[in-house]
Amino acid sequence: MAREMLGIDIGGSGIKGAPVDLSDGSLARERFRVDTPHPSKPKAVAKVLAEVVDHFGWDGPVGVTYPGVVIDGVALSAANVSKQWIGLDAASLIADATGREITLLNDADAAGVAEMRLGAGRGRRGTVVLLTLGTGIGSALFTDGVLVPNTEFGHIQIDGRDAEIRASAKARDEHDLSWEKWARRLSEYMVQLEALISPSLIIVGGGVSRKSEHFLPLIEGVRAEIVPARLVNNAGIVGAAMAAAAAHPVETAEPAQIRAAGRAGGRQRANGTAEAAR
Ligand code: BGC
């Protein structure tokens, strides 16, 4: 049976989770969603995370996304959630609340990991950046498929203001911007980002990427190829599950014959190792 891992995505409006089949990134069970508490204080959010874990009766490690900088389980920023998260050992808090081992990572990084493995970034080398357009703008930077975490490109300053304040999907809703007007702001942002990191591919994620035909063709002045994300809704969940799986490699109980074949030829042995690393 394929290995499964529980992934949970903390978003601005909802906290969503599901066990993920790691062989293909599909959801092994229907996803479960609870409204994000407001204010989104750490304890209240951790309680909801415990609810999600209980819903699935999950007893293994869990991958969780956080919408800010995360280093070694500690949250170091909180642009769109309660400031009480800043400096908090969030992974430990969540581990205490859920009774599970927690792998915590930035939400856009999680989405990027999933998109690079199974979606629009599959097999792409060089510099690739995924941008999630939602309440804020999240970013995930990859060089030859390897993640450079916590890039926070949504906070690049344009005309002295955070890019995400002008160009997130929330900004489009709040200011009731037409697709054309919003695409102009996005173009301005992407031109600036391109000047800094020269990506060969920009993947546009977040819920609005489902409507990419309305705005991606209107982006101007950007040399890089721009494509919509493929996993959209579930990218955070899937990426979180993958991150937890990477943090908890399976110990192979290799059957004797595979070990022997591995010594002789190496092929099965290599497969066994790949399986373990998944
Ligand atoms: C945060 C990022 C996050 C993004 C999307 C930004 O405001 O600073 O860490 O990835 O929003 O949630």
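Reading the values: the criteria
Residues numbered from 1 in each chain as written. Predicted model: local features only at pLDDT ≥ 70, side-chain atom pairs only at ≥ 80, totals over all residues. Heavy atoms only, no water. Buried < 20%, exposed > 50% of the residue type's maximum accessible area, 1.4 Å probe, protein only. Helix = DSSP H or I, 4+ residues; strand = E, 2+ residues; numbered from the N terminus. Pairing = 2+ DSSP bridges. Axes fitted to C-alpha atoms, helices over the stretch in contact; angles between N-to-C directions. Contact = heavy atoms within 4.5 Å.

Peer 1: Hey, could you run me through the pairing of strand E14 (residues 201–205) in this one?
Peer 2: A regular strand carries its side chains on alternate faces of the sheet. Burial analysis of E14 places five of its five residues in the buried class, which makes it a mostly covered element. Judged by which residues are buried, E14 turns out to be covered on both faces: Leu-201, Ile-203 and Gly-205 on one side and Ile-202 and Val-204 on the other are all buried. Here strand E9 (residues 127–133) pairs with E14 via five bridges, running parallel. Opposite Thr-132, over in E14, you have Gly-205 as the bridge partner. Bridge count for E14 against strand E15 (residues 225–228) is four bridges, and the pairing is parallel. In the sheet register, Ile-202 faces E15, and the bridge partner there is Ile-226.

Peer 1: Got a minute to help me understand the sheet that holds E14 in this structure?
Peer 2: Within a sheet, adjacent strands bond to each other through the backbone by hydrogen bonds, running parallel or antiparallel. On the basis of which strands lie adjacent, the open sheet formed by five strands has the order E11-E10-E9-E14-E15 and mixed pairing. Two strands close off the open sheet at either side, each with one partner strand: strand E11 (146–148) and E15. Going across the sheet, the axis of each strand differs from the next one's by a mean of 25°, ignoring polarity. This element, helix H3 (residues 107–118), spans E9, strand E10 (137–143), E11 and E14 of the sheet and lies at about 45° to E10. Most of the contacts of helix H6 (residues 179–197) go to E9, to which it runs at about 150°, and overall it touches E9, E10, E14 and E15.

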